[in-house]
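Residue strings, one per chain:
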Amino acid sequence: MGGRAGSWRSLSDSEGEETTSDPQPPLLDHQGAHWKNAVGFWLLGLCNNFSYVVMLSAAHDILSHERVPGNQSHVDPGPTPIPLNSSSRFDCNSVSTAPSGSRQWALCCWELHPGCLFSFGGDQLVCYFLLLTSPEPQDPGGEEEAETAARQPLIGTEAPASKPGSSSGLSLQERWTVFKSLLQYIVPLVLVYFAEYFINQGLFELLFFRNTSLSHAQQYRWYQMLYQAGVFASRSSLHCCRIRYTWALAVLQCLNLAILLADMWFSFLPSIYLVFLIILYEGLLGGAAYVNTFHNIALETSNEHREFAMAAACISDTLGISLSGLLALPLHDFLCRLS
């Protein structure tokens, strides 16, 4: 009887433990969801930037292709570039590789082809619906708690999660106050993007070295590749190196612009490999400025202001790129008229 009583007691204790203990989600499932979200966001960023980067990298080839008489194919007729202005030491195209209005509108229209939608839009839909994991509501019984849980970030960050709908309740005065406090980050990022895109779309084509085995088009492709490699490396280095004072990056980027702009006039850089190093360094500065700017804003703004602050700071790169394009076009035309 004692043995039976002990067995019944142990059985009841084990049943009690099973009923009172809260179910815990498996650690492997949580880690799997984290990596799915990480891969999903990485693919979304890749699809978002792929066509833009390809268009910039192929700008010189596109312009060279258009100026070949009678060339109706999409294949470069030969590796030898055909200079438009043989009297100029810059070997210029008729227009700069900086964005121009009519070409951008034409590209936007061509991107509405169904193949482009399937390639990039379809990939983004697949990533969003099949890879990203929606957080489970913490209290399915309450509608408000479920909505709050659904707004939690998919990948945890050091910054606390913002309250749902917080930015929509800000007054105009509060938004202006937050925006003024962001100028310490917005202005340096505008300068960084202005300097680097002035270099990329205004000077890359004009940095032409004749004492090398690389053709003009190959030199331009190497410039773009090294720049993008630097951006990729620095945007991925946030956990290794964090920069609080982003204005220092703006000063260094403007110094890069001054060095390359001076080389346009005086040609004091003896080798293209020095230009390769400067352009790689340019990409490192640009990527570091971008990722550290938004990281600092996320950490230093309050919960109720964070959503608006992150959205407002997005104007920085667009403003810098637009201003650089407006100045790069007339500069290109001016330099190409020089003999």
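It should be noted that the structure appears before, not after, this text.
Bear in mind the structure is a predicted one, so any value in this text is a computation, not a measurement. The residue numbering used here restarts from 1 in each chain and proceeds along that chain's sequence as written. Only residues with pLDDT of 70 or above have their local features reported here, since the model is predicted, and side-chain atom pairs are shown and tallied only from 80 upward, although totals for entire chains, interfaces and linings are computed over all residues. Neither water nor hydrogens contribute to the side-chain values; these are computed over all heavy atoms in the structure.

**So, unusual backbone geometry**
Here's step 1: Of note in this structure, Ser 267 is not a glycine but carries a positive phi near 50°.
Here's step 2: Secondary structure elements follow DSSP: runs of H or I of four or more residues count as helices, runs of E of two or more count as strands, with numbering from the N terminus. Take Ser 267: it is sitting in the loop between α9 (247–266) and α10 (272–300).
Here's step 3: Buried, partly exposed and exposed residues are distinguished by accessible area as a fraction of the type maximum, computed with a 1.4 Å probe on protein chains only: under 20%, between the cut-offs, and over 50%, respectively. Using a relative accessible area of 44% as the deciding quantity, one classes Ser 267 as partly exposed.

**Side note on the state of the cysteines**
Here's step 1: Disulfides are defined in this document as cysteine sulfur pairs within 2.5 Å. For the coordinates displayed, the defined rule picks out 0 disulfides.
Here's step 2: The closest cysteine sulfur to the non-disulfide-bonded Cys 240 is located on Cys 241, 8.2 Å from its own sulfur.
Here's step 3: Using a relative accessible area of 72% as the deciding quantity, one classes Cys 240 as exposed.

**Notes on the nonpolar core**
Here's step 1: Within this scheme, the nonpolar core is defined by two criteria: the residues are buried Ala, Val, Leu, Ile, Met, Phe, Trp, Tyr or Cys, and they are joined through side-chain atoms within 4.5 Å. By size, the foremost hydrophobic cluster in this structure holds 51 residues, and its most contacted members are Leu 203, Leu 207 and Tyr 223.
Here's step 2: Elements that contribute at least two residues to this core include exactly α7 (172–203), α8 (216–235), α9, α10, α11 (303–313) and α12 (315–336).
Here's step 3: Residue contributions to this core peak at 14 residues, all from α7.

**Side note on α9**
Here's step 1: A helix is expected to span 1.5 Å multiplied by its residue count minus one. With 20 residues, α9 extends 29 Å from end C-alpha to end C-alpha; this agrees with the ideal 28 Å at 1.5 Å per step.
Here's step 2: Along α9, the residues classified as buried are Leu 249, Ala 250, Gln 253, Asn 256, Leu 257, Leu 260, Asp 263 and Met 264. Down the axis of α9, the sector holding all buried residues measures 150°, keeping them to one side. Exposed side of α9, more than 90 degrees from the buried face: Trp 247, Val 251 and Phe 266 are the residues found there. To be clear, the arc concerns the directions from the helix axis to the C-beta atoms.

**A closer look at the side chain of Thr 293**
Here's step 1: Along the chain, the position of Thr 293 falls in helix α10.
Here's step 2: Residues count as neighbours in contact if any of their non-hydrogen atoms are within 4.5 Å of one another. Excluding residues that lie within four positions of it along the chain, Thr 293 makes contacts with Tyr 185, Leu 189 and Thr 246.

**What about the environment of Ser 316?**
Here's step 1: Relative to the helices and strands, Ser 316 is located in helix α12.
Here's step 2: Counting along the chain gives 127 residues from Ser 316 to Leu 189, while the straight-line C-alpha distance between them is 5.9 Å.
Here's step 3: Each residue touching Ser 316, except ones within four places of it in the same chain, is listed here: Ile 186, Leu 189 and Val 190.

**Topic: the pattern of salt bridges**
Here's step 1: Each salt bridge in this description consists of a side-chain nitrogen of Lys or Arg and a carboxyl oxygen of Asp or Glu lying within 4 Å of one another. All told, the structure shown has 1 salt bridge when counted by the stated rule.
Here's step 2: The partner of Glu 300 in a salt bridge is Arg 244, and the shortest N-O contact between them spans 3.0 Å. Placement of Glu 300 in helix α10 and of Arg 244 in the loop between α8 and α9 is noted, with a sequence separation of 56 residues between them.
Here's step 3: Classification of Glu 300 as partly exposed rests on a relative accessible area of 42%.
Here's step 4: Exposure remark for Arg 244: the relative accessible area of 36% places this residue in the partly exposed category.

**A look at the environment of Tyr 245**
Here's step 1: Inspection of the secondary structure puts Tyr 245 in the loop between α8 and α9.
Here's step 2: Relative accessible area serves as the criterion here: at 54%, Tyr 245 is assigned to the exposed category.
Here's step 3: A C-alpha to C-alpha distance of 9.4 Å links Tyr 245 and Ala 289, two positions 44 residues apart in sequence.

These figures capture arrangement, not role.
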